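Structure at a glance
Residues per chain, in single letters:
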Amino acid sequence: MFGSYLRRELLGRRKNTIIIAAGMALAVALVMLVTSLTAGVRAAQAEALESVYGVGTDITVTTTPAAPEEGQEGEGGGGPGGAQFDFGANDGEESDGTTSLSQSMLSADRGTETFSADALTTVLGVDNVSSATATLALTNTSFDGEIPQMSEDQQEQGSAEGQGGGTPPQGGPDGAGGSSFSVDSFTVLGVDPSVSDIGPLSSVTLADGRLLTADDAGQNTAVVDSDYATTAEIAVGDTLTVGDTEVSVVGTVTSTGTDESAANVYLPLDTAQTISGLDEQISTIQVQAASSSAITQVADDIGEALPDTTVNTQEELASSVSGSLSSASALVTSLGTWLSVIVLAAAFILAILFTVSGVTRRTREFGTLKAIGWSNRRIVGQVAGESLVQSLLGAVIGLIIGAAAMLTVTAIAPSVGGSSTTENAGGMMQGGPGGGGGFGGAGMGQTADTAVTLTAPFTPSVILIAIAVAVAGGLLAGAIGGWRAAKLRPAAALGSLS
Amino acid sequence: MYTLTDLTKTYTGKRQARVTALDSVSITIPDGEFVSIQGPTGGGKSTLLQLLGALDRPTSGSLSLGGTDIATLKERELGRLRADDIGFVFQGFNLIPTLTAQENVETALVPQHVAADERRQRAREALESVGLGERTDHLPSELSGGQQQRVAIARALVKRPTVLLADEPTGNLDEHTRDEIMALLESQWKDRGLTMILVTHDSAVARRAQRRLRLAGGHVQDITAA
Ligand SMILES: Nc1ncnc2c1ncn2[C@@H]1O[C@H](COP(=O)(O)OP(=O)(O)OP(=O)(O)O)[C@@H](O)[C@H]1O
Ligand SMILES: [Mg+2]
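Sequence order as written defines residue numbering, which begins from 1 separately in each chain. Whichever chain is written first becomes A and whichever ligand is written first becomes 1, with later ones labelled in order. In keeping with the model being predicted, local features are shown solely for residues with a pLDDT of at least 70 and side-chain atom pairs are shown and tallied solely at 80 or more, while totals for entire chains, interfaces and linings include all residues. To obtain the side-chain values, all non-hydrogen atoms of the structure were included, while hydrogens and water were left out.

Focus on the overall build of chain A
Helix and strand assignments come from DSSP, with helices taken as H or I runs of at least 4 residues and strands as E runs of at least 2, each series counted from the N terminus. The number of helices and strands found in chain A is 12 helices and 18 strands. Buried residues are those whose accessible area, probed at 1.4 Å on protein chains only, stays under 20% of the maximum for their type, while exposed residues exceed 50% and partly exposed ones sit between those limits. A buried classification covers 48% of the 498 residues belonging to chain A. Contact criterion: two residues are considered in contact whenever any of their non-hydrogen atoms come within 4.5 Å of each other. Considering only intrachain contacts with a sequence separation of at least 6, the fraction spanning at least 24 residues in chain A is 85%. Carbon and sulfur atoms provide 55% of the accessible area of chain A, an area that totals close to 22,600 Å². In short, Shrake-Rupley with a 1.4 Å probe defines the accessible areas, and a residue's cover is counted only from the protein chains shown.

Below you can see the structure in the form of structure tokens.
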């Protein structure tokens, strides 16, 4: 009887059933989506962080670049350690009225300041540091091209305007600009070839050839990122011009890291220092603490031992570097949580109100059942059963809607850009040779882009949560409705006709 | 047999206004008797029927049915008594609107834990005995008033009670249907040896009873002879 009465009731009062089920479905779908999105964002964030900092890095030590001072700009040098091509008046080969120039140089990354390699010794001396490695982040820029010869006037004029940083090249012999040149740049990371448990080499895997080993120290050998190798058409065995030195490519690697810990070309640290002229200089030290509980203490100790450096723990970096990703995560978790709490509350209230009003409407019905001997327990069970089934019906619909929404999110895979951008645009080629003044606009920004695609994984726990939500809502509404039904007097059956 | 001794029921309404619906009523109703109760609106007829039907407890006095004092029974025991011994018929039929005629009749057998097969069988027989064997699968909304009241009578009788209580069972019916329902009730009363107590405003109905009572202002009066 319980079953057929329940079925008749739900089918007989379809509108009621549909409203309660729809409310519950919406709540269930939303809770599922939010739960799943939160998990997806967390996974994306963890992945992004891992790629940015490399496996096992707890602390990074860097020096904050000094802000460029006034007046420096016009000197053509850019910031400290900045690149500057220095073509003498008689450099290059002249023919047919054009000058061919070709120069390659290796210098420290924009926005990075190098510091003494002694710091590594200091860091290794700090208690609870289990390992540490130093890297030197560099950029190799090569210039290759032909510049038409210009009159003294033009050259001076061009030079003056070039300092402004934004004027297009002007003035070839024909007056329409006959310059042709290319600027090529790739990132170079000087790494300690003997350390592979931490630092950049911990997040690369060999694609071809071999990795750098301790024996490569001081050698003119390099491993090249496989993507870059493809683009630049470099293979194992080739030579590559870095600065003024030819290095031989011994291997290609794929990096699981992003720009912070990855580069186009990896050189042994001392080789990189020699070529760039930055002897005994490094740009970052990556530190692994003996235990996670020691991280804060180790970071404090390093900060004391090296007062001029910036010491960041991974946790601090997580909030600053993962940028919009962490704000996306915060948004999804907070907005999503609030939204689901509100919708959940609304669905529960809807279910309760409809159940209670249903009981009120059925006063005579329940009074009659009591009058013919139905126990309170049976009537409460009937009411609770009805609202539980309505909610579960909602859960099933909600599961379908939620799953569809999750599949849609995963299919669209919106990318949440977590980025720490160090914009150096416009600073690179200032004050170049007259004809090259136009390079001012060619931004050489250093962007650690950690864009991650957002997914909404469909897991059994999501289904369980959906069912739990519906059962909770159904039981709550059923309990309140049942309590109201239990309070009804059997004499209500005889009540005046409404 | 019902024995009512100084049976009093007072209601405490809003603002502590007290209404004495039944005032020291003392009567006995032997088993198998057909009694009608008349009286003005607010006279206490429905109140008396509720007490006789174990739907409510008296404020004071005693009320026993076959030796059990209803006034002292617990809620659960009252429910048991209603489930086993008392059949109710209401003015508004009070069928469950979402259940078929058959299922409505079956609800009366639920508290008795009758097995599903037997329950179906007995409900079917009860519907046949009120002349609705062809309408078992109809919803109340698909039945006329008289047919609905027949279903209600089947529901009241399917559990084989000793007492049948009816509050204005023909109040919502036209004269022709009223006579049909009265004929049905009388035949069931005779066949089953029921104690039948029937509240009505209709003198034509009341006159068919063996004993006629009149309730006014909470006081009972025997008007059979009148
Ligand atoms: N639940 C209640 N609470 C308060 N007062 C009540 C309640 N039920 C009945 N009364 C009052 O008790 C008195 C008797 O009511 P009852 O319903 O028994 O009259 P009745 O004879 O059945 O009238 P009617 O012919 O209109 O059905 C009335 O004054 C009524 O207002
Ligand atoms: Mg009445």
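Notes on unusual backbone geometry
In the Ramachandran plot, Glu 233 of chain A falls in the positive-phi region, its phi being about 55° despite a non-glycine side chain. You will see that Glu 168 of chain B, though not glycine, has its phi angle at about 50°, which is positive. By relative accessible area, which is 10% here, Glu 168 of chain B ends up buried.

Here's the deal with the sheet that holds strand 6 (residues 86-89) of chain B
Residues and elements named next belong to chain B. Ordered in space as 6-7-8-3-9-10, the six strands form an open sheet in which the pairing is mixed. Lying at the two open borders of the sheet, with one neighbouring strand each, are strand 6 and strand 10 (219-222). If you compare each strand with its neighbour and ignore which way they point, the axes differ by 20° on average. When DSSP finds two or more bridges between two strands, those strands count as paired. Of the strand pairs in this sheet, strand 9 (residues 211-216) and strand 10 are connected by four bridges, and their pairing is antiparallel. Looking across to strand 10, one finds that Ala 216 is bridged to His 219. Relative to the sheet, helix 1 (residues 45-52) contacts strand 3 (34-38), strand 6, strand 7 (163-167), strand 8 (195-199) and strand 9, its axis offset from that of strand 7 by approximately 155°. With axes taken as lines fitted to C-alpha atoms, and helix axes fitted only over the stretch in contact, angles between N-to-C directions fall between 0 and 180 degrees.

Brief notes about the environment of Val 151 of chain B
Residues and elements named next belong to chain B. Tracing the backbone through its elements, the reader meets Val 151 in helix 5 (residues 145-157). Val 151 sits in the buried class, given a relative accessible area of 0%. For the pair Val 151 and Glu 128, spaced 23 residues apart in the sequence, the C-alpha separation amounts to 9.9 Å. Among all residues touching Val 151, those that are not within four sequence positions of it are Leu 95, Ala 101, Asn 104, Val 105, Leu 127, Leu 132 and Leu 143.

Section: a negative patch on the surface
Think of a patch as exposed residues, more than 30% relative accessible area, with no salt bridge, where like charges cluster within 9 Å and nonpolar side chains (Val, Leu, Ile, Met, Phe, Trp, Tyr) cluster within 5 Å. By definition here, a salt bridge exists when the distance from a side-chain nitrogen of Lys or Arg to a carboxyl oxygen of Asp or Glu is within 4 Å. Counted as positive: Lys and Arg. Counted as negative: Asp and Glu. His and the chain ends are not counted at all. Where a charge lies is defined by one atom per residue type, namely NZ (Lys), CZ (Arg), CG (Asp) and CD (Glu). On the surface, a cluster of negative charge is made up of Asp 118, Asp 270, Asp 279 and Glu 280 of chain A. Topologically, Asp 118 of chain A is positioned in helix 3 (residues 118-124).

Observations concerning the site of ligand 1
All names here are of chain B. Neighbouring ligand 1 are the residues Tyr 11, Val 19, Ala 21, Pro 40, Thr 41, Gly 42, Gly 43, Gly 44, Lys 45, Ser 46, Thr 47 and His 201. Polar contacts, as used here, are pairs of N or O atoms within 3.5 Å; protein pairs need one atom able to donate a hydrogen and one able to accept it. Residues neighboring in sequence count only if both atoms are side-chain atoms. Within the contact set of ligand 1, an oxygen atom lies 2.8 Å away from a side-chain nitrogen or oxygen of Lys 45. Ser 46 places a polar side-chain atom, nitrogen or oxygen, 2.7 Å from an oxygen atom of ligand 1. When the free accessible area of ligand 1 is taken as 630 Å², the share hidden by the protein chains comes to 63%. When contributions to the shell around ligand 1 are tallied by element, the ones reaching two or more residues are strand 2 (18-29) and helix 1. The biggest single contributor to the shell around ligand 1 is helix 1, with three residues. Each residue is assigned to one class: nonpolar for Ala, Val, Leu, Ile, Met, Phe, Trp, Tyr, Cys and Pro, charged for Asp, Glu, Lys and Arg, and polar for all the others, Gly among them. Within the shell around ligand 1, the residues separate by chemical class into four nonpolar, seven polar and one charged. Consider each residue's heavy atoms; a residue with any of them within 4 Å of a molecule or strand counts as near.

Topic: empty space enclosed by the protein
Rolled over the atoms, a probe as big as a water molecule pinpoints where empty space is left. Residue and element names in this part refer to chain A. Points on a 1 Å grid over protein atoms alone make up a cavity when a 1.4 Å probe fits among them but cannot get out, and a pocket when they form an open set with protein on both sides within 12 Å along at least five of seven lines; lining residues each have an atom within 4 Å of a point. Grid points are joined across faces, edges and corners, and a volume is the space filled by probe spheres set on the points. Counted under the stated rule, the structure contains three cavities of 30 Å³ or more. Empty space within the largest cavity amounts to approximately 140 Å³. Lining of the largest cavity is provided by 16 residues; of these, Asn 16, Thr 355, Arg 362, Glu 386 and Gln 390 occupy positions nearest its centre. Per-element tally for the lining of the largest cavity: the top contributor is helix 9 (residues 323-361), with five residues. Its residues placed into classes, the lining of the largest cavity shows five nonpolar, six polar and five charged.

Quick word on helix 6 (residues 175-192) of chain B
Residues and elements named next belong to chain B. For a helix, the expected span equals 1.5 Å multiplied by the residue count minus one. With 18 residues, helix 6 ought to run about 26 Å at 1.5 Å a step, and its terminal C-alpha atoms sit 25 Å apart, in line with that. Every buried residue of helix 6 is listed here: Thr 177, Arg 178, Ile 181, Met 182, Leu 184, Leu 185, Glu 186, Gln 188 and Trp 189. Buried residues belonging to helix 6 abut strand 3, helix 4 (116-129), helix 5, strand 7, strand 8 and helix 7 (203-206). Here helix 6 starts with a cap whose side-chain oxygen sits 3.2 Å from the backbone nitrogen of His 176, and that cap is Asp 174. Positive phi appears at Gly 193, one or two residues downstream of helix 6, with a value of about 65°.

A closer look at the interface of chain A and chain B
Taken together, the contacts link 23 residues of chain A with 28 residues of chain B. Both faces considered, chain A and chain B share a buried interface measuring about 2,300 Å² in area, 64% of it formed by carbon and sulfur atoms. Summed over both partners, the accessible area lost on bringing two parts together, with a 1.4 Å probe, is the buried area. Three residues, Met 1, Ile 372 and Leu 494 of chain A, lead the burial of chain A against chain B; their summed loss comes to 31% of the area buried on that side. Taken together, the links from chain A to chain B amount to two salt bridges. Taken together, the links from chain A to chain B amount to seven residue pairs in polar contact (both at pLDDT 80 or more).

Some points on the packing of aromatic side chains
Only the six-membered ring of Trp is used, alongside the rings of Phe and Tyr, when aromatic pairs are assigned; centres must lie within 6.5 Å, and planes under 30 degrees apart are stacked while those over 60 apart are edge-to-face, with the rest tilted. Counted by the stated rule, this structure contains four aromatic pairs over all chains. A ring pair is formed by Phe 88 of chain B and Phe 90 of chain B, whose centres lie 5.4 Å apart and whose planes are at 5°; its orientation type is stacked. Each member of the pair, Phe 88 of chain B as well as Phe 90 of chain B, is classed as buried. A cation sits over an aromatic face here: Arg 378 of chain A above Trp 374 of chain A, 5.8 Å from the ring centre. One residue, Lys 487 of chain A, lies across the ring of Trp 483 of chain A, its end atom 4.7 Å from the ring centre. Any Lys NZ or Arg CZ found within 6 Å of a ring centre and within 35 degrees of that ring's normal is scored as a charge over the ring.

Some words on the pairing of strand 2 of chain B
Residues and elements named next belong to chain B. The pairing of strand 1 (residues 2-12) with strand 2 spans eight bridges and is antiparallel. Residue pairing in the sheet places Tyr 11 in a bridge with Val 19 of strand 2. Taken together, strand 1 and the strand that follows it, strand 2, pair antiparallel across an intervening segment of five residues, in which Arg 15 is found at a positive phi of about 55°.

Focus on the packing of helix 11 (residues 376-412) of chain A against helix 12 (residues 460-487) of chain A
All names here are of chain A. The geometry of helix 11 relative to helix 12 is characterised by a closest axis approach of 7 Å and an angle of 155° between their N-to-C directions. One way to sum up the angle between helix 11 and helix 12 is to call them roughly antiparallel. In this structure, helix 11 meets helix 12 at a crossing whose hand is right-handed. Considering only residue class, the contact of helix 11 with helix 12 consists of 19 nonpolar, eight polar and no charged. Just so you know how the angles are binned, under 35 degrees is roughly parallel, over 145 roughly antiparallel, 65 to 115 roughly perpendicular, and the rest oblique. Here is the rule for handedness: rotate from the far helix to the near one, and if that takes an anticlockwise turn smaller than a right angle the crossing is left-handed, while a clockwise turn gives right-handed.

Comments concerning the UniProt feature "transmembrane region" (unreviewed entry) in chain A
Residues and elements named next belong to chain A. UniProt positions are given in the numbering used here, feature names are shortened, and annotations may be inferred rather than shown by experiment. Residues given the UniProt feature "transmembrane region" (unreviewed entry) here are residues 335-356, 392-413 and 462-483. Counted over residues 335-356, helix gives 100% and strand 0%. Its end C-alpha atoms are 31 Å apart. Secondary structure across residues 462-483 divides into 100% helix and 0% strand, with the first and last C-alpha atoms of the span separated by 31 Å.

Topic: the sheet that holds strand 1 of chain B
Residues and elements named next belong to chain B. Spatially, 2-1-4-5 is the arrangement adopted by the four strands of the open sheet, whose pairing is antiparallel. Because the sheet does not close on itself, it has two edges, and the strands there are strand 2 and strand 5 (68-69). Direction of pairing for strand 1 relative to strand 4 (residues 60-65): antiparallel, over a ladder of five bridges. Residue Tyr 2 lies in a different strand from strand 4, and its bridge partner there is Leu 65.

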